[in-house]
Amino acid sequence: FDENKIEAAHSSGFDIVLSMMVSPYADTTYISYIDEIVKKYDIKYLNLKKGQENHSQEKYTEKNVSALCKVIEENGLYLILSEEQTQLSNQKPIGYQKLIDAAEGRVLRSYETVDFKNENLVEARYHQILNSVVDRNLRFVIINQFTSGIGTFLGKSDKTNEATRLVMEKLESIGYNTKDYD
């Protein structure tokens, strides 16, 4: 994780979502780092990705899942599970059921924005977010920074923020509460 970006977002008042895959292998040192970041920046959301499809079962260890469950439990984290591209189910990371149990009901299904080629960035992102909330009734949307197309990082950031602002205005105008998430 880039702590400079986390610090900048945290200092600006944003809620941080750590996004990662659960490792299927024996090394669990990364989990103490995750716990440290969660505590340091008062992070409440952990988005777990499906990860490798064909990891070697003989190298798989329960240590990663158990250690991550402990981080979720001790910090009261919300477990965020992103939709599959097909939108028919959510991604199921290694240790899926144990991780859900550790979250003790604090599980949210999310939509994660993606870039498409040759799109009007602001309008396309606006519709991605709006459709995920209205059509699929998702309460949690992960809005990624634009990466494709021509322009500077700052310009893409401004377009991402503009799309987000437009969605918030639209949702509020049709009766959605965008201020609270509990």
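Residues numbered from 1 in each chain as written. Predicted model: local features only at pLDDT ≥ 70, side-chain atom pairs only at ≥ 80, totals over all residues. Heavy atoms only, no water.

1. Observations regarding the packing of helix α3 (residues 62–75) against helix α4 (residues 96–103)
Just so we agree on the cut-off: Lines fitted to C-alpha atoms define the axes, with helix axes restricted to the stretch in contact, and inter-axis angles between N-to-C directions lie between 0 and 180 degrees. Working definition: helices are DSSP H or I runs of at least four residues, strands are E runs of at least two. Numbering for both runs from the N terminus. Should an angle fall under 35 degrees it is called roughly parallel, over 145 degrees roughly antiparallel, and 65 to 115 degrees roughly perpendicular, with every other angle called oblique. Helix crossings fall into two classes, left-handed where the near helix is turned counterclockwise from the far one by less than a right angle and right-handed where it is turned clockwise. Note on contacts: a residue pair is in contact if any heavy atoms of the two residues lie within 4.5 Å. For this scheme, ten residues count as nonpolar: Ala, Val, Leu, Ile, Met, Phe, Trp, Tyr, Cys and Pro. Four count as charged, namely Asp, Glu, Lys and Arg, and the remainder, Gly too, count as polar.
Interaxial distance between α3 and α4 falls to 8 Å at its minimum, and their mutual angle equals 15 degrees. What the angle tells us is that α3 and α4 run roughly parallel. For α3 against α4, the interelement crossing comes out right-handed. Residues Glu62, Val65, Leu68, Cys69, Ile72 and Glu73 of α3 lie in contact with α4, whose contacting residues are Lys98, Leu99, Ala102 and Ala103. Among the residues making up the contact of α3 with α4, the classes are represented as seven nonpolar, no polar and three charged.

2. Here we look at helix α1 (residues 3–11)
In plain terms, the rule: Polar contacts here mean pairs of N or O atoms no more than 3.5 Å apart (in protein, one a potential hydrogen donor and the other a potential acceptor; neighbouring residues in sequence count only if both atoms are side-chain atoms).
At the N-terminal end of α1, a side-chain oxygen is found 3.0 Å from the backbone nitrogen of Asn4, two or three residues along, and the residue is Asp2. Looking one or two residues beyond α1, the residue adopting positive phi is Gly13, at roughly 90 degrees.

3. Observations regarding the confidence of the model for the protein
Do not read the fine detail of predicted coordinates wherever pLDDT is low. Here is the rule we go by: The pLDDT score gives, residue by residue, the confidence of the prediction method on a 0 to 100 scale.
On average, residues of the protein score 78 in pLDDT, and 82% of them are at 70 or above. Averaged over each element, pLDDT in the protein is lowest for strand β5 (residues 140–142) (76) and highest for helix α2 (residues 29–40) (89).

4. Looking at the nonpolar core
Just so we agree on the cut-off: We define the nonpolar core as a collection of buried residues of types Ala, Val, Leu, Ile, Met, Phe, Trp, Tyr and Cys that are connected through side-chain atoms lying within 4.5 Å of one another. Think of it in three bands: residues with accessible area under 20% of the maximum for their type are buried, residues over 50% are exposed, and the middle band is partly exposed, with areas taken using a 1.4 Å probe on protein chains only.
In this structure, Leu18, Leu46, Leu48, Leu68, Ile72, Leu79 and Leu99 are the most contacted members of the largest nonpolar core, which totals 26 residues. Mapped onto this core, the elements with two or more residues apiece are β1 (17–21), α2, β2 (45–49), α3, β3 (78–82) and α4. Here this core gets five residues from one element, more than from any other, and that element is α3. Every residue in contact with Leu68, bar those within four places of it in the chain, is listed here: Met20, Val22, Ile31, Leu46, Leu48 and Leu99. Among the nonpolar cores identified, the runner-up in size contains six residues, and Tyr126, Ile129, Leu130 and Val133 belong to it.

5. A short note on the sheet that holds β5
Definition in use: Whether two strands pair depends on DSSP finding at least two bridges between them.
Within the open sheet, the five strands sit side by side as β1-β2-β3-β4-β5. Their pairing is parallel. Single-partner strands in this sheet number two, and they are β1 and β5. Mean inter-strand twist for the sheet, computed between neighbouring axes without regard to direction, equals 35 degrees. With four bridges connecting them, β3 and strand β4 (residues 107–112) associate as parallel partners. Along β4, the bridge assignment pairs Leu79 with Val107. Across the sheet, α4 lies against β2, β3 and β4, angled at about 140 degrees from β3, the strand it touches most.

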